[in-house]
Amino acid sequence: MNTAQFDLIIVGAGILGLSAAIQAAEQGLKVQVFEKDAQAVGATRRNFGMVGTSTLSRPDAKWREYALATREFYQRIQAHTDISFQQRNGLYVANTELEWQVLNEFAQAAPDYQIPVSLLSKSQLFDQYDYLTPEAALRGGMVFHEDYSVEPHLAGQRLLQYAEKIGVEIQCNACVVQTQSSQDMARIHLATGQTFTANKVLICHGEVTQLLYPDLLQQKGLLRCALQMTLTKPLNVNLNASIYSGLSISRYPAFEICPSHQDLRNESQIGLVEKYGIHILIKQNQFGQIILGDSHEYYPIEDVPQFNQREEINQFILQYCKENIGLQLPEVEARWNGYYLTHPTELACVTEAERNIFLVSAIAGKGMTTGAGFMKEMLENYIF
């Protein structure tokens, strides 16, 4: 009887693949990770580094549990090695009466879900965040005290190094071009012609759908989301918070528990905001630069990838920051597109493509906040 080389092979060294690899190794499995690039360059790298524990899911939903488990995962590793994970308040600012109403409603409900928040009046907002200019049409704000931050250019690489330290074998620049069931195990083939076997294979492919099971992924009805993002030159003040606009109050699922939320969506989801899924996030990195965005354009995965940026979106975001948030931003240094997969109705897709070969896909834009907790459950359901 043939014996597999590994207990588990993971395809992809993004946040999903690495968090799965680390947790599997901690349970004693022999794990091998293959990453097609020199390091992960997809959504794990091209993001804000905001870990919005409280707001990326409804507080009464399973994904809230994934977020809390992910926080514990980061905290545990941060205690051993610096992966850049740290507490950083999330500041939501309100411009309109409806945005302010939703924040007030959430503040009333938050204790029922053990979510620590502080509601700030207009004067309190300007006192605590004096870099916001009083000319901005701000009504008030809310601080989320259990939000966190990572540095996008560091977190993935530091997690990879930690995984190697605890015994995970990792090959980068190793593109898996085929996987197949083979007797009671699974076999993977690299572009180099090398083959490896494992008892189970977990494919965490990010937005890359052309290499492994493309027909199956198309049948799932997955959509690719393109996001426009910006990096400015350093700002000469420390923001000391990640800033979310009123458009984020309208967009993020946590606020759906508020009675006025649907009215807010009806009011705000118009024009460019509705057409391009715009909501404004502001995150300062360790160099003082501002990561700014973003927008959301959805299209079928078999369509031509969107590679260009729309200048009207960029100008809208810059103008919004000046008029509605009261932050005069430095000169733009760089722009890029981010991509992730999503599903029209499911919050993530897990598929057994062949016996012992599992595809994990379409976690959308919540991988950094919920991915490790989600993958813990996937390991328990399909791998252990």
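See the structure above.
Predicted model only: the values in this text are computed from it and were never measured.

### As for the sheet that holds strand β4 (residues 86–87)
Strand order in the open sheet made by the three strands is β3-β8-β4, with antiparallel pairing throughout. Sheet topology places β3 (50–51) and β4 at the edges, where each strand pairs with a single neighbour. Bridging between β4 and strand β8 (residues 148–149) involves two bridges; their strand directions are antiparallel. Residue pairing across strands places Gln86 opposite Ser149, the latter belonging to β8.

### Describing helix α1 (residues 15–26)
Helix length check: α1 (12 residues) gives 16 Å between terminal C-alpha atoms against 16 Å at 1.5 Å per residue, within 8%. Most of α1 is tucked away, with 11 of its 12 residues classed as buried. Just beyond α1, the residue with positive phi is Gly28, at close to 95 degrees.

### Description of empty space enclosed by the protein
Inspection of every chain in the model, using the stated rule, returns three cavities of 30 Å³ or more. Each pocket or cavity is described by its volume, and for the largest cavity that value is around 80 Å³. In this structure, the largest cavity is lined by Ala13, Gln39, Ala40, Thr44, Arg45, Pro152, His153, Gly156, Gln157 and Leu160. Within the lining of the largest cavity, the residues separate by chemical class into four nonpolar, five polar and one charged. Estimated volume of the second largest cavity: approximately 40 Å³. Lining the second largest cavity, in full, are Leu216, Leu217, Lys220, Cys349, Thr351, Leu359 and Ser361. Contributing elements (two or more residues each) for the lining of the second largest cavity: α6 (214–219), β19 (349–354) and β20 (357–361).

### Thoughts on the nonpolar core
Formed by 43 residues in total, the largest nonpolar core has its most connected members in Ile10, Val31, Tyr74, Leu159, Leu202, Phe374 and Met375. If you list the elements that add at least two residues to this core, you get β1 (6–11), α1, β2 (31–34), α2 (62–78), α5 (152–165), β12 (195–204), β20 and α11 (367–383). For this core, the element with the most residues is α1, which contributes eight residues. If sequence neighbours within four positions are ignored, Val31 has contacts with Phe6, Leu8, Ile10, Ala21, Ala24, Ala25, Val168 and Glu169.

### Here we look at the pairing of β1
A large share of β1 lies buried, amounting to five of its six residues. In this sheet, β12 lies alongside β1 in parallel orientation, the contact comprising five bridges. Paired with Val11 across the bridge in β12 is Ile203. Judged from the four bridges that link them, β1 and β2 form a sheet pairing that is parallel. Bridging from a neighbouring strand, Ile10 pairs with Val33 of β2. Crossover connection from β1 via α1 to parallel β2: handedness right-handed.

### Focus: the pattern of salt bridges
Taken as a whole and judged by the stated rule, the model has 15 salt bridges. One salt bridge in this structure joins Glu377 and Lys62, with 3.3 Å as the shortest N-O distance. Of this pair, Glu377 sits in helix α11 while Lys62 sits in helix α2, and the two are 315 residues apart along the sequence. Sharing partners across several salt bridges, the network here consists of Glu26, Glu72 and Arg76.

### Examining the packing of aromatic side chains
One pass over the structure, following the stated rule, counts 17 aromatic pairs. Here the aromatic rings of Tyr74 and Phe85 are separated by 5.0 Å at their centres, their planes lie at 35 degrees, and the arrangement is tilted. Of this pair, Tyr74 sits in helix α2 while Phe85 is found in the loop between α2 and β4, placing the two residues 11 residues apart along the sequence. Its relative accessible area of 1% is what places Tyr74 among the buried residues. For Phe85, a relative accessible area of 7% translates into the label buried. Taking the centre distance of 6.0 Å and the plane angle of 65 degrees together, the rings of Tyr244 and Tyr252 count as edge-to-face.

### Some words on unusual backbone geometry
Residue Asp294 is bonded to the preceding Gly293 through a cis peptide linkage, with omega at 0 degrees. Its place among the elements puts Asp294 in the loop between β16 (290–293) and β17 (297–300). Unusually for a residue other than glycine, Asn240 sits at a positive phi of about 60 degrees. As for its position among the elements, Asn240 is in the loop between β13 (223–232) and β14 (242–244). With a relative accessible area of 55%, Asn240 lands in the exposed category. Phi is positive for Ala364, which is not a glycine, with a value near 60 degrees. Looking at the secondary structure, you find Ala364 in the loop between β20 and α11.

Rules of the game
Residues numbered from 1 in each chain as written. Predicted model: local features only at pLDDT ≥ 70, side-chain atom pairs only at ≥ 80, totals over all residues. Heavy atoms only, no water. Pairing = 2+ DSSP bridges. Helix = DSSP H or I, 4+ residues; strand = E, 2+ residues; numbered from the N terminus. Expected span 1.5 Å × (residues − 1). Buried < 20%, exposed > 50% of the residue type's maximum accessible area, 1.4 Å probe, protein only. 1 Å grid on protein atoms, 1.4 Å probe; cavity = no way out; pocket = protein on both sides within 12 Å on 5 of 7 lines; lining within 4 Å. Points joined across faces, edges and corners; volume = space filled by probe spheres on them. Nonpolar A, V, L, I, M, F, W, Y, C, P; charged D, E, K, R; others polar. Core = buried A, V, L, I, M, F, W, Y, C linked by side-chain atoms within 4.5 Å. Contact = heavy atoms within 4.5 Å. Right-handed = clockwise from strand over helix to strand, strands pointing away. Salt bridge = Lys/Arg side-chain N within 4 Å of Asp/Glu carboxyl O. Phe/Tyr/Trp six-rings, centres within 6.5 Å; stacked < 30°, edge-to-face > 60°.

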